[in-house]
Amino acid sequence: MTKEQKIERFHEIVNSMANLYAKKNENYGDSFGQLYKDLGPISGLVPLHNKLDRLTNLIKGGRNDFESIEDTLQDLACYAVMNLIAYEEYKQNQEKESY
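Below is a summary of the structure that appears in this document. (Residues numbered from 1 in each chain as written. Predicted model: local features only at pLDDT ≥ 70, side-chain atom pairs only at ≥ 80, totals over all residues. Heavy atoms only, no water.)

**Details of a nonpolar patch on the surface**
How we decide: Here a patch means residues that are over 30% exposed by relative accessible area and free of salt bridges, tied together within 9 Å if like-charged and within 5 Å if nonpolar (Val, Leu, Ile, Met, Phe, Trp, Tyr). Each accessible area is a Shrake-Rupley estimate made with a 1.4 Å probe; only the visible protein chains count as cover when residues are assessed. We count a salt bridge whenever a side-chain nitrogen from Lys or Arg sits within 4 Å of a carboxyl oxygen from Asp or Glu. To qualify as a helix, a DSSP run of H or I must reach at least 4 residues; to qualify as a strand, a run of E must reach at least 2; elements of each kind are numbered from the N terminus.
Residues Ile-59, Ile-69 and Leu-73 make up a contiguous nonpolar surface patch of about 270 Å² in total accessible area. Mapping Leu-73 onto the fold places it in helix H4 (residues 69-97).

Okay, here's the thing in structure tokens:
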């Protein structure tokens, strides 16, 4: 795969993740963001940890009828972006409270 093809594929994956994120937010609401607000940044690590455990299990040959390695990697990336968004919001709120 060429550099240009990799960049194009990256955009395809990120766009797919954004669409999935939007659909899940329609179905579940912003439960991740609310949990982050309630419990703080450490709460955002829980889904990342769970996805890493699942990924490790799948790579070691474990069976999962619901998620593939590719699905789990995309979920892991989504949760990383969700953490970044929530952390940015958390920092803004902390700054407002300190004034």
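**A short note on helix H3 (residues 45-59)**
Going by this rule: By this rule, a helix spans an expected 1.5 Å times one less than how many residues it contains. With a 1.4 Å probe rolled over the protein chains alone, any residue whose accessible area is under 20% of its type maximum counts as buried; one over 50% counts as exposed, and the rest are partly exposed. Arc definition: it is the arc formed by the directions from the helix axis to the C-beta atoms. Note on contacts: a residue pair qualifies if any of its non-hydrogen atoms lie within 4.5 Å across the two residues.
With 15 residues, H3 should cover 21 Å at 1.5 Å per step; its first-to-last C-alpha distance of 21 Å lies within 8% of that length. Among the residues of H3, those classed as buried are Pro-47, Leu-48, Lys-51, Leu-55 and Leu-58. For H3, the buried positions fall inside an angular range of 100° around the axis, keeping them on one side. Buried residues belonging to H3 abut helix H2 (31-39) and H4. Two residues or fewer after H3 comes Gly-61, characterised by a positive phi angle close to 100°.

**Considering the environment of Asn-64**
Here is the rule we go by: Pairs of N or O atoms within 3.5 Å make up the polar contacts considered here, provided that, within protein, one atom can donate a hydrogen while the other can accept it, and that residues adjacent in sequence are counted only when both atoms are side-chain atoms.
Following the sequence through the fold, Asn-64 ends up in the loop between H3 and H4. Classification of Asn-64 as partly exposed rests on a relative accessible area of 25%. Each C-alpha atom, one on Asn-64 and one on Arg-54, is 8.6 Å from the other, the two residues being 10 residues apart in sequence. Beyond its immediate sequence surroundings of up to four residues, Asn-64 is in contact with Arg-54 and Leu-58. Engagement of the side chain of Asn-64 in a polar contact is seen with the backbone nitrogen of Phe-66, the distance being 2.7 Å. A distance of 3.0 Å separates the side chain of Asn-64 from the backbone nitrogen of Glu-67, its partner in a polar contact.

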